[in-house]
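Residue-level structural notes
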Amino acid sequence: MRLSVLDQSIAVAGRPHDQSIRNTVALAQHCEALGYDRFWVSEHHNHPTIVGTAPEIVIAAIAATTERIRIGSAGIMLPHYAPFKVAEVFRVLDALAPGRIDLGLGRAPGSDGRTAFALNPAANERPEHFPADVRDLLAWVHNEPLVDRHPFAAVQAYPQGPTAPEVWILGSSDYGAQVAALFGLPYCYAWFFSDGAGGERAIELYKRSYRPSARHPEPHSALCVLAFAAPTMEEAQYHFTPRVLSRMHRDRGILGPLESPDAAAAALAKTYDPARVAQFRKDSFVGTGPEVVGRIEELKKSVGVDEMAVVTWTHDEKVRRASYTELAKAAGFMPKNS
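A brief report on the enclosed structure follows.

About the cut-offs
- Residues numbered from 1 in each chain as written.
- Predicted model: local features only at pLDDT ≥ 70, side-chain atom pairs only at ≥ 80, totals over all residues.
- Heavy atoms only, no water.
- Helix = DSSP H or I, 4+ residues; strand = E, 2+ residues; numbered from the N terminus.
- Rg over C-alpha atoms; globule rule 2.2 N^0.38 Å.
- Buried < 20%, exposed > 50% of the residue type's maximum accessible area, 1.4 Å probe, protein only.
- Contact = heavy atoms within 4.5 Å.
- Areas by Shrake-Rupley, 256 points an atom, 1.4 Å probe, with all protein chains shown as cover.
- Lys, Arg positive; Asp, Glu negative; His and termini not counted.
- Charge placed at Lys NZ, Arg CZ, Asp CG, Glu CD.
- Axes fitted to C-alpha atoms, helices over the stretch in contact; angles between N-to-C directions.
- Parallel < 35°, antiparallel > 145°, perpendicular 65-115°, else oblique.
- Left-handed = near helix turned anticlockwise from the far one by under 90°.
- Nonpolar A, V, L, I, M, F, W, Y, C, P; charged D, E, K, R; others polar.
- Polar contact = N/O pair within 3.5 Å; in protein donor to acceptor, adjacent residues only side chain to side chain.
- Core = buried A, V, L, I, M, F, W, Y, C linked by side-chain atoms within 4.5 Å.
- Expected span 1.5 Å × (residues − 1).
- Pairing = 2+ DSSP bridges.
- Right-handed = clockwise from strand over helix to strand, strands pointing away.
- Salt bridge = Lys/Arg side-chain N within 4 Å of Asp/Glu carboxyl O.

1. What to know about the overall build of the protein
When its secondary structure is counted, the protein shows twelve helices and nine strands. The C-alpha radius of gyration computed for the protein amounts to 20 Å, which stays within 12% of the reference 20 Å derived for 338 residues, consistent with globular compactness. Every one of the 338 residues in the protein was classed for burial, and the buried ones make up 52%. A separation threshold of at least 6 residues defines the contact pool for the protein, and within that pool the share at least 24 residues apart is 73%. As displayed, the protein has an accessible area near 15,000 Å², and 55% of this comes from carbon and sulfur atoms. Across the protein, 35 positive and 38 negative side-chain charges occur, with their mean positions spaced 0 Å apart.

2. Some words on the packing of helix H1 (residues 17-34) against helix H2 (residues 55-65)
One can describe the packing of H1 onto H2 by two numbers: an axis separation of 9 Å at closest approach and a directional angle of 40°. Taken as axis vectors, H1 and H2 run oblique relative to one another. As for how H1 packs across H2, the hand of that crossing is right-handed. Contacts between H1 and H2 pair Ile-21, Thr-24, Val-25, Ala-28 and Gln-29 from the former with Val-58, Ala-61, Ile-62 and Thr-65 from the latter. Along the lines of polarity and charge, the residues of the contact of H1 with H2 split into six nonpolar, three polar and no charged.

3. Let's talk about the environment of Ala-26
For Ala-26, the location among the structural elements is in helix H1. Given a relative accessible area of 23%, Ala-26 falls into the partly exposed group.

4. What about the side chain of Asn-120?
For Asn-120, the position within the fold is in the loop between helix H4 (113-119) and helix H5 (130-141). From its side chain, Asn-120 meets the backbone nitrogen of Ala-122 in a polar contact 2.9 Å long. Contact partners of Asn-120, with chain neighbours within four places excluded, come to Pro-79, His-80 and Arg-126.

5. Digging into the nonpolar core
Core analysis: the largest hydrophobic core is formed by 68 residues, its most contacted members being Tyr-36 and Leu-105. Counting residues per element, this core draws most heavily on H5, which supplies seven residues. Within the second largest apolar cluster, 32 residues are counted, among which are Phe-192, Ala-230, Val-277 and Trp-313.

6. So, helix H12 (residues 317-331)
The first and last C-alpha atoms of H12 sit 21 Å apart over 15 residues, in line with the 21 Å expected at 1.5 Å per residue. Every buried residue of H12 is accounted for by Glu-317, Val-319, Arg-320, Ser-323, Tyr-324, Thr-325, Leu-327, Ala-328 and Ala-331. Where H12 starts, the residue carrying a side-chain oxygen 2.8 Å from the main-chain nitrogen of Lys-318 turns out to be Asp-316. Gly-332, located one to two residues past H12, shows a positive phi value of around 90°.

7. A word on the pairing of strand E7 (residues 221-229)
Within a regular beta strand, the side chains point alternately toward one face of the sheet and then the other, so they alternate between its two faces. With respect to burial, E7 is a largely interior element, nine of its nine residues being buried. Side chains Ser-221, Leu-223, Val-225, Ala-227 and Ala-229 of E7 all project onto a buried face; the interleaved residues Ala-222, Cys-224, Leu-226 and Phe-228 project onto the opposite face, where all are buried too. Inspection of the sheet shows strand E6 (residues 187-189) paired to E7 by three bridges, in the parallel sense. Bridge assignment links Tyr-189 to a residue of E7, and that residue is Leu-223. Relative to strand E8 (residues 285-287), E7 runs parallel, the two sharing three bridges. Its bridge partner lying in E8, Phe-228 is registered against Val-286.

8. Things to note about the pairing of strand E2 (residues 38-41)
Side chains of E2 alternate between two faces, with Arg-38 and Trp-40 and Phe-39 and Val-41 buried alike. Inspection of the sheet shows strand E1 (residues 4-7) paired to E2 by three bridges, in the parallel sense. Note on E2: the bridge partner recorded for Asp-7 is Val-41. Note on the crossover from E1 through H1 to E2: the handedness is right-handed. Pairing geometry for E2 and strand E3 (residues 70-77), over four bridges, is parallel.

9. Re the pattern of salt bridges
All chains considered together, the criterion is met by 20 salt bridges. Across the pair Asp-195 and Arg-247 runs a salt bridge, and its minimum N-O distance is 2.9 Å. Here the residue Asp-195 occupies a position in the loop between E6 and helix H7 (199-209), and Arg-247 occupies one in helix H8 (residues 233-251), the gap between them amounting to 52 residues. Taking relative accessible area as the criterion, Arg-247 reaches 6% and is therefore assigned buried. Of the charged contacts in the structure, one is a salt bridge between Glu-317 and Arg-320, with a shortest N-O distance of 2.8 Å. In this pair, Glu-317 and Arg-320 are both assigned in helix H12, three residues apart and thus about one turn of the helix distant. Glu-317 sits in the buried class, given a relative accessible area of 12%. Salt bridges sharing partners connect three or more residues here, namely Asp-7, Arg-15, Glu-317, Arg-320 and Arg-321.

So far we have only geometry, and geometry alone does not tell us how the molecule works.
Set out below in structure tokens:
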């Protein structure tokens, strides 16, 4: 089974934010060496936990330091931007890494309402234009005509070339699935964001409503799950503890850097319902490499998607890289000489 990676440049207690960004670039190199298919980076704003705010810049840095792996956004939050500018940015990225760029698009703000207005004063109305913005962006990305009587029909996005970014729609609801199906685009569901709630329905809706396109005659779907692997289940659960605390905090509106495993364990024991903590641990893809890969493959088959991606949060960067190594070994795609 093949796997891809989503990285979010997580803030960690005691570590400067700039190191989190550099760690993302280094992790992409590590995952390329291990044989992962894609490496995507997210966009969030005014978020004390997730400090990756400019995926297009991180993608450029990764493109300059890798050779094979596909690199992409998961995603560009389109309502913040003019579709023409996004098309230009990703045409430049494709020129830097021809045929390796994925342009994942999202409709959610990736922030709070106030921050959405800081990014775009028209934040209230832009989400309603999402389908039309996707339509226009596709035309500009692929150097194709815009719809009849479009006010910007004479405007072209440069640079142009023989390849183009592969456009995906991302989401955690039925809406994204419907947009992806309407335009005949690949679709990735953020299973980790909602603990899978609504995921099977969204994928089924996507497949059922899919309208074939010239580039994608058949639907192509993916899921992204939260995963962590270590040599033993005990070790895996220990290093997963900061992520558990972060999730419990998030449900109460508390955002902040990832704590150490010991500090997180103490906070969990003091503050949160043990049954809720145990259920989150049980539902998450955590364990040895073979155990985690087995669960991922089972989910892939049961939902009926074509690809799987994983996102991993840890306090220790070496531990996080080791987790991706464990998964690559268990999945069987890691080069033998690595």
